[in-house]
Amino acid sequence: MTYPSTGTGLSAAERAYRHLKRAVLEQVYPGGQLVSEGEIAEATGVSRTPVREALLRLESEGLVKLYPKRGALIRPVSARETADVIEARRLVELHAAERVWPRRAALRGELADRLDEMRRAHAAGDLTALMAADRAFHAAVVEAAGNEILAELYHRLRDRQLRMGEAGFRLSPGWAEVALAEHAAQLAALDGDDPTVWRDAVAGHIDSAAAMLGTLR
């Protein structure tokens, strides 16, 4: 999965939504900043009405807080939110890991492709592509579990952690290398015959992400 396109073949509200969501997730608009409807309208070349529609969507996703006649406050990431997201991720990802084990052979090829994308992005110094490939790796496991409601929930969780995790990749020395090694360990576990090793590799990676995020506070 990649970041949403901001192409021209979209409605005005969709363009505004995708522009602002990308800006929030990539911390162009950092937590605590107040942005006005006019500022967003100017940046996206649309009127204020579609901007309001976009902001309402983002508020429902927990990314902004609307203040009438003032604009939208980019919600800062709290320690509580970080802990809640990690807990929810653990519940969803470990459930998915157990469900996909019987059909792991079909999943392995896609995960290998995503890991290759991560490695190429890291070698090129492309943080955005690295995080997109990382996101796609995890999403592939959840989607393979076959529960569409959990998959939709998981995408929202990853949106939130993406905003938290960008600072980790930028500020934590060696974190990208750790992430690559742990994804490789998950892939290797799929080649084995012990589902416990696979589940432990998934759990260990989530624990590492939790520890990294904790060091940034």
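Relevant structure appears above.
In every chain, residue numbers begin from 1 and rise along the written sequence. With pLDDT at 70 or above as the cut-off, local features in this predicted model cover only qualifying residues; side-chain atom pairs require 80 or more to be listed or tallied, and sums for whole chains, interfaces and linings still use all residues. Values reported for side chains reflect all heavy atoms of the structure, with hydrogen atoms and water molecules removed beforehand.

A. Inspection of the packing of aromatic side chains at higher detail. When the centres of two rings from Phe, Tyr and Trp lie within 6.5 Å, Trp using its six-membered ring, the rings pair. Their planes under 30 degrees apart give stacked, over 60 give edge-to-face, and anything left gives tilted. One pass over the structure, following the stated rule, counts zero aromatic pairs. Either the NZ atom of lysine or the CZ atom of arginine qualifies as a charge over a ring when it sits within 6 Å of the ring centre and within 35 degrees of the ring normal. For Arg57, the ring lying beneath its charged end belongs to Tyr17, and the centroid distance is 3.6 Å. For the cation-ring pair, Arg104 lies above Trp101, with the distance from its terminal atom to the ring centre recorded as 3.8 Å.

B. Structural view of unusual backbone geometry. Not every positive phi belongs to a glycine, and Lys69 is a case in point at roughly 70°. Residue placement: Lys69 occurs in the loop between strand S2 (64–67) and strand S3 (71–74). By relative accessible area, which is 91% here, Lys69 ends up exposed. Only DSSP runs of H or I with at least four residues qualify as helices, and only runs of E with at least two residues qualify as strands; both kinds are numbered from the N terminus onward. Exposure classes here rest on a 1.4 Å probe applied to the protein chains alone. A residue is buried below 20% of its type maximum, exposed above 50%, and partly exposed in between.

C. Region of the structure containing the environment of Glu152. Following the sequence through the fold, Glu152 ends up in helix H7 (residues 148–171). Between the C-alpha atoms of Glu152 and Val142, which are 10 residues apart in sequence, the distance is 9.5 Å.

D. Representation of the packing of helix H6 (residues 127–144) against helix H8 (residues 175–190) within the structure. Remark: H6 packs on H8, axes separated minimally by 12 Å, with the N-to-C direction vectors making an angle of 25°. In terms of their interaxial angle, H6 and H8 are classed as roughly parallel. In the packing of H6 onto H8, the handedness of the crossing is left-handed. Between H6, through Leu130, Asp134, Phe137 and His138, and H8, the contact on the second element is made entirely by Ala176, His183 and Gln186. The axes used here are C-alpha line fits, helices contributing only the stretch in contact, and every angle between their N-to-C directions lies in the interval 0 to 180 degrees. When an angle is under 35 degrees it counts as roughly parallel; over 145 it counts as roughly antiparallel; between 65 and 115 it counts as roughly perpendicular; any other value is oblique. Crossing handedness follows the turn of the near helix against the far one: under a right angle anticlockwise gives a left-handed crossing, and clockwise gives a right-handed one. Working rule for contacts: check all heavy atoms of both residues, and any pair within 4.5 Å makes them a contact.

E. Geometry of the nonpolar core. If you look at the biggest cluster of nonpolar residues, it comprises 39 residues, and the most contacted ones within it are Leu107, Leu111, Val141 and Trp198. Of all elements in the fold, only helix H4 (79–100), helix H5 (104–124), H6, H7, H8 and helix H9 (195–215) reach the threshold of two or more residues within this core. Ignoring any residue separated from it by four or fewer positions in sequence, one finds Val141 in contact with Ala96, Ala97, Val100, Leu107, Leu111 and Trp198. We define the nonpolar core as a collection of buried residues of types Ala, Val, Leu, Ile, Met, Phe, Trp, Tyr and Cys that are connected through side-chain atoms lying within 4.5 Å of one another. Counting residues in each nonpolar core, the second largest holds 18 residues, with Ala23, Val24, Val35 and Leu58 among its members.

F. Geometry of empty space enclosed by the protein. Here a cavity denotes a set of grid points, spaced 1 Å apart and computed over the protein atoms alone, in which a 1.4 Å probe fits but from which it cannot get out, and a pocket denotes an open set meeting protein on both sides within 12 Å along at least five of seven lines; residues with an atom within 4 Å of a point are reported as lining. Grid points are joined across faces, edges and corners, and a volume is the space filled by probe spheres set on the points. This structure, assessed with the given rule, holds two cavities of 30 Å³ or more. Counted as a void, the second largest cavity has a volume near 50 Å³. If you trace the second largest cavity, you find it lined by Glu93, His138, Val141, Val142, Gln186, Trp198 and Val202. Those elements giving two or more residues to the lining of the second largest cavity turn out to be H6 and H9. Counting residues per element, the lining of the second largest cavity draws most heavily on H6, at three residues. Classifying every residue of the lining of the second largest cavity by side-chain character gives four nonpolar, two polar and one charged. Each residue gets one of three labels, nonpolar for Ala, Val, Leu, Ile, Met, Phe, Trp, Tyr, Cys and Pro, charged for Asp, Glu, Lys and Arg, and polar for the others, Gly among them.

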